Amino acid sequence: MAEVTHIAHLLNQTLSPDANAVRAATDALDRLSLTPHFPFYLLSISTGGENQGQKIAAATYLKNLTRRNIDSNGATPSNVSNEFKEQLMQALLQVELPVLKILVEVFRAVAVADFVKNSSWPELVPNLQSAIQNSHLINVSNSKWNTINALIVLHALLRPFQYFLNPKVAKEPVPPKLELISKEILMPLLAVFHQFVEKALANHDTVETETEKVLLTICKCLHFAVRSYMPSSLAPLLPSFCRDLMNILGSLSFDCGVTQEDGYLTRLKTGKRSLLIFSALVTRHRKHSDKLMPEIINCALNIVKFSKNTSDMSEWEEDADEYIRKNLPSDIDEICGWREDLFTARKSAVNLLGVISMSKGPPMETSTDSSSASAKRKKGQKNKRSNQRRSMGELLVLPFLSKFPIPSDSNVSQKKILNDYFGVLMAYGGLQDFLREQESGYVTTLVRTRILPLYTVAVSQPYLVASANWVLGELGSCLPEEMSADVYSQLLMALVMPDKQDTSCYPVRVSAAGAITTLLDNDYMPPDFLPLLQVIVSNIGTDESERLHLIFSFSVSIMEAGDEKVAVHIPHIVSTLVGSISKWLTANLEPWPQPDSPHGLQHLMLCLIVALFAEHACVSCYFGPCWIFSGSHGFRLGENSKPEESESNDSREKWAAGQVLVGRAFCCTLAPGLAYISMHTDSRVQAENFLVKEMPPPPAPPVHERSIIEGIGSFIKEEFLNRYAKAAEALENGSIIEEGDDEDQELEMELGQLHDVDEQKVVLSLIDKYHHVLIQGHSLPSRARREFS
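On a predicted model such as this, the values are computed, not experimentally measured, just so you know.

Participant: In this structure, what is going on with the overall build of the protein chain? I would like to understand it.
Facilitator: When you go through the protein chain residue by residue, the secondary structure sums to 36 helices and 4 strands. Looking at the protein chain as a whole, 50% of its 789 residues qualify as buried. About 38300 Å² of surface is accessible on the protein chain, with carbon and sulfur atoms providing 52% of the total.

Quick look at the structure:
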């Protein structure tokens, strides 16, 4: 037809790089959209267009047109004809997946308006039920209807029922439309689901992609059906359906890597959806799930246990950071797997145990009247009874976990006991909400009897110690105050655990740091912060210095928690840091290390750590509240920072010595870092978007985004230079140059009044002035000085 050809041409024009052509084609399509047959033409092109781009363009325009013409609230039926609905259903059952994903949005808009909210599409359910039963994977008689397509349409139809339609109505009954779908489609589909589960599990060697997609899509449909409501026709079938889900979960293997293209990823997603269904049953439909609860808990715990596997152990040695990301995530590192991964079997299973533990158990009636049941009562008096409902965590989850013996000297060699208890520890980590509601003695008993003993009997098992560290970190917010000291003592020993022969204990140390950070965030105050500070210094210059971002994050937590208790140690700590940092510097500082230097960027990160200590020294009550600009004397400490004359000589001497130590260390370490950044902006750096980022394509504004080096430069200007200038003032005020000295006056004349001073100019002048400062015998290179001039 000429109209279809013309519309197809216009759709091609909308894909043109020419903005004028796109605008003209869009205007023409908008005019044609007012004609009654236009939606039919778009649907025809969506299924029979000459290329994929044209099909997707037609489907997208149809989706947008439908949304404009249908009331989004579904208050009134759509004006879509029955003929169009029939053709839409035929198209949905046959198109390829990229087009289906768009057209199903057209279907959902019409279905909400004409089926869910109104009753103007009565043939929808019987037609969809027939399409599923006669699709190509269920009825193998060469059907033209695609099974997966039909199930995706069913999933879209069920989507509105995943939430209560009238949430303000108490105990809202199951909507009749959902009951109809359940009776006509979902009940027969569960028998099909069982057959597909048996087929999938019988094939151990290969994974059939279509079979796995069918299982996943049916699980999605059932999840929406029971997430809020419980259709009466589904309730009797739940036990058999849940056991099919448990069989799927039992089939999961975590010994092999999975990619996005791997069909086995679909099985893993089905496992996750199964756990979500269990969670919905536990939270919404307890009377239907109570009898299954022990099996559900056992299934979830098995997932937790068995997802610690051989590949995990190899990752411990070969890629410890990846092991930590997957198994021991904490806030000490912002990038952590459990917060980001689309699917983590252990996360889903642990979450399910947490949901179960918070749900209420059956009512327990206890009489408040000690008299016999046959005693007479006054007229009108009711039998006083209190319905006490204990949580499932207390009734079932923790008793179940307590069945697994804790590793001891007598059984530590038994691999099954170790693997089982790994799962128990992971499960404990998911019970924070439940344990937070318990009395302090409850949590104390759990920690003393089930976690802390591991630190004495499992020293030879760093995997268990790391997991115990993680659990204590997860439970940090619900630990009683009297327990925190004992927990901190064990974590501090784990923080310095040395490697065991051929086994690295790096994950033990990182997980201990994360747990200590949680304790500090929850207001625990260690008796002495010096051991923590010494750990930071001792790790600089070792192989673990490659993870300096973790050291920096840990340092920030210590500074924020310790305040003045940390400040008293800073002069010693910073001076020690200079010695550690100097190990990263080469004997010949000209030329400065290139970007591929193994230690160049580490030195820059170390500069940040020194800056952190120095800044804390400056803002703490020990060295003063802040660094300020002060009239005619340049950068100097605030008046409140300097000890009063009435204070002891010892106090004033410590203050002055601390200024000199911190200032020297800061100046010596930060200046080379700044030089390093400056000297790597030449033409030899060819990384894409490193020096200058290209202009974005239209229709974005013609303003280029910040390049990598511009971002680094901005950070240096806003953070490094500011901190450098403040710390360098310690050299001026720390008796290196006496106040009122000729050089001091010369600097004032050169720079002018400092209330409106150019901060960068100050820093450059100070660098030039103090370039002779030695770092372990090495002066600032002349090339670096030239870069700052």
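Participant: So what exactly am I meant to see when it comes to the pattern of salt bridges here?
Facilitator: For side chains bearing opposite charge, pairing can occur when the charged atoms are close. Evaluation of the coordinates by the stated rule reveals 13 salt bridges. Across the salt bridge formed by Glu-295 and Arg-243, the nearest N and O atoms sit 3.1 Å from each other. Placement of Glu-295 in helix α14 (residues 293–306) and of Arg-243 in helix α11 (residues 238–251) is noted, with a sequence separation of 52 residues between them. On the basis of relative accessible area, Arg-243 is assigned to the partly exposed category, the value being 37%. When salt bridges that share partners are traced, they join Arg-67, Glu-105 and Arg-108 into one network.

Participant: Quick question: what am I supposed to make of unusual backbone geometry here?
Facilitator: Comment: phi is negative for the bulk of residues other than glycine, and the bulk of peptide bonds are trans. Positive phi, normally seen in glycine, also occurs at Lys-171, with a value near 50 degrees. Note on Lys-171: relative accessible area 84%, which makes it exposed. Residues other than glycine seldom take positive phi values, yet Asp-523 does so here, at roughly 70 degrees. Position of Asp-523 among the secondary structure elements: in the loop between α26 (506–521) and α27 (530–539).

Participant: Hey, could you run me through the packing of aromatic side chains in this one?
Facilitator: Geometry of an aromatic ring pair is reported as the spacing of the ring centres plus the angle between the planes. According to the stated counting rule, one finds 10 aromatic pairs in the structure shown. Between Phe-40 and Phe-84 the ring centres are 5.4 Å apart and the planes differ by 90 degrees, which places this aromatic pair in the edge-to-face class. One end of the pair, Phe-40, is in helix α3 (residues 38–48); the other, Phe-84, is in helix α5 (residues 82–92), and 44 residues separate them in sequence. For the pair Phe-40 and Phe-84, one class covers both residues: buried.

Participant: Would you mind showing me how to read the environment of Asn-298 here?
Facilitator: Structurally, Asn-298 is set in helix α14. For the pair Asn-298 and Val-397, spaced 99 residues apart in sequence, the C-alpha to C-alpha distance is 9.5 Å.

Participant: So what exactly am I meant to see when it comes to the nonpolar core here?
Facilitator: Across soluble globular proteins, nonpolar side chains show a tendency to be buried alongside one another. Leu-103, Phe-107, Leu-154, Ile-181, Phe-278, Leu-401 and Tyr-428 are the most contacted members of the largest nonpolar core, which totals 184 residues. Take this core: its biggest share by element is 12 residues, from helix α6 (residues 97–116). Discounting residues that sit within four places of it in the chain, Phe-278 has contacts with Cys-242, Leu-245, Met-246, Leu-249, Ile-296 and Leu-352.

Participant: Help me understand the packing of helix α1 (residues 2–14) against helix α4 (residues 52–69), please; the structure alone is not making it clear to me.
Facilitator: For any two helices packed against each other, one specifies the crossing angle of their axes together with the interaxial distance. Put simply, α1 and α4 touch, their axes get as near as 9 Å, and they point 100 degrees apart. The angle between α1 and α4 places the two elements in the roughly perpendicular class. Together, Ala-8, Leu-11, Asn-12 and Thr-14 of α1 and Gln-54, Ala-57 and Ala-58 of α4 make up the contact between the two elements. In the contact of α1 with α4, the residues fall into 4 nonpolar, 3 polar and no charged.

Participant: Help me understand helix α20 (residues 415–429), please; the structure alone is not making it clear to me.
Facilitator: One turn of an α-helix holds 3.6 residues; hence residues three or four places apart share an orientation. With 15 residues, α20 should cover 21 Å at 1.5 Å per step; its first-to-last C-alpha distance of 21 Å lies within 8% of that length. Within α20, 12 of the 15 residues are buried, which leaves the element mostly enclosed by the surrounding structure. Three or more residues of α20 are buried, namely Ile-417, Leu-418, Asp-420, Tyr-421, Phe-422, Gly-423, Val-424, Leu-425, Met-426, Ala-427, Tyr-428 and Gly-429.

Participant: What is the right way to read the environment of Ile-570 from this model?
Facilitator: Structurally, the position occupied by Ile-570 is in helix α30 (residues 570–582). Exposure remark for Ile-570: the relative accessible area of 0% places this residue in the buried category. The spacing of Ile-570 and Leu-530 is 40 residues in sequence and 9.4 Å in space, taken between C-alpha atoms.

Participant: Honestly, the side chain of Thr-211 in this entry has me stumped. Any pointers?
Facilitator: Within the secondary structure, Thr-211 is located in helix α10 (residues 209–226). Thr-211 gets classed as buried once you look at its relative accessible area, which sits at 4%. Among the polar contacts made by the side chain of Thr-211, one reaches the side chain of Glu-208 at a distance of 3.0 Å. Setting aside chain neighbours within four positions, we find Thr-211 in contact with Phe-196, Lys-199 and Ala-200.

Participant: Just to check I follow, could you spell out the side chain of Ser-557 for this structure?
Facilitator: You can see Ser-557 is positioned in helix α28 (residues 548–562). On the basis of relative accessibility, which here comes to 10%, the residue Ser-557 falls in the buried class. Leave out the neighbours within four places in its chain, and Ser-557 touches Thr-517 and Leu-520.

Participant: I'm lost on the packing of α5 against α6 in this one. Help?
Facilitator: Here α5 crosses α6 at 145 degrees, and the two axes come no closer than 10 Å. In the packing of α5 onto α6, the handedness of the crossing is left-handed. In this structure, α5 uses Lys-85, Leu-88, Met-89, Ala-91 and Leu-92 to contact α6, whose residues at the interface are Leu-100, Leu-103, Val-104, Val-106, Phe-107, Val-110 and Asp-114.

Participant: Can you help me understand the state of the cysteines in this one?
Facilitator: Counted according to the given criterion, the structure contains 0 disulfides. Here Cys-221 is not cross-linked by a disulfide; its sulfur's nearest cysteine counterpart is in Cys-219, at 9.3 Å. Residue Cys-221 is classed as buried on the basis of its relative accessible area of 0%.

Participant: Just checking my understanding: could you explain helix α9 (residues 176–202) for this structure?
Facilitator: Taking 1.5 Å as the rise per residue, α9 with 27 residues should run 39 Å; its terminal C-alpha atoms sit 38 Å apart, in good agreement. Roughly 40 degrees is the biggest bend found in α9, and it falls at Ser-182.

Participant: Looking at this model, I keep getting lost on a negative patch on the surface. Mind explaining?
Facilitator: Taken together, the side chains of Glu-317, Glu-318, Asp-319 and Asp-502 present a region of like negative charge at the surface. With respect to the secondary-structure elements, Asp-502 resides in the loop between α25 (481–495) and α26.

Participant: Sorry if this is basic, but what is going on with the confidence of the model for the protein chain here?
Facilitator: Interpretation of the predicted coordinates at a detailed level should be avoided for regions scoring low in pLDDT. Summarising the model, the protein chain shows a mean pLDDT of 74, and 64% of its residues fall at 70 or more. Summarising per-element confidence for the protein chain, the mean pLDDT is lowest in strand β3 (residues 627–629) (27) and highest in helix α8 (residues 147–158) (97). Considering only residues more than four positions removed or in separate chains, one finds that residues 587–598, a stretch of pLDDT under 50, has 22 contacts. Throughout residues 730–760 the model reports pLDDT below 50, and contacts reaching past four residues in sequence, or to other chains, amount to 58 contacts.

Participant: Help me out: how do you make sense of the environment of Val-106 in this one?
Facilitator: Summarising the element assignment, Val-106 is placed in helix α6. Owing to a relative accessible area of 1%, Val-106 belongs among the buried residues under this scheme. Sequence spacing of Val-106 and Lys-63 is 43 residues, and the spatial spacing of their C-alpha atoms is 5.1 Å.

The rules behind each value
- Residues numbered from 1 in each chain as written.
- Predicted model: local features only at pLDDT ≥ 70, side-chain atom pairs only at ≥ 80, totals over all residues.
- Heavy atoms only, no water.
- Helix = DSSP H or I, 4+ residues; strand = E, 2+ residues; numbered from the N terminus.
- Buried < 20%, exposed > 50% of the residue type's maximum accessible area, 1.4 Å probe, protein only.
- Areas by Shrake-Rupley, 256 points an atom, 1.4 Å probe, with all protein chains shown as cover.
- Salt bridge = Lys/Arg side-chain N within 4 Å of Asp/Glu carboxyl O.
- Phe/Tyr/Trp six-rings, centres within 6.5 Å; stacked < 30°, edge-to-face > 60°.
- Core = buried A, V, L, I, M, F, W, Y, C linked by side-chain atoms within 4.5 Å.
- Contact = heavy atoms within 4.5 Å.
- Axes fitted to C-alpha atoms, helices over the stretch in contact; angles between N-to-C directions.
- Parallel < 35°, antiparallel > 145°, perpendicular 65-115°, else oblique.
- Nonpolar A, V, L, I, M, F, W, Y, C, P; charged D, E, K, R; others polar.
- Expected span 1.5 Å × (residues − 1).
- Polar contact = N/O pair within 3.5 Å; in protein donor to acceptor, adjacent residues only side chain to side chain.
- Left-handed = near helix turned anticlockwise from the far one by under 90°.
- Disulfide = S-S within 2.5 Å.
- Bend = angle between axes of the 7 residues up to and from the residue.
- Patch = residues over 30% accessible without salt bridge, like charges linked within 9 Å, V, L, I, M, F, W, Y side chains within 5 Å.
- Lys, Arg positive; Asp, Glu negative; His and termini not counted.
- Charge placed at Lys NZ, Arg CZ, Asp CG, Glu CD.
- pLDDT = per-residue confidence, 0-100.

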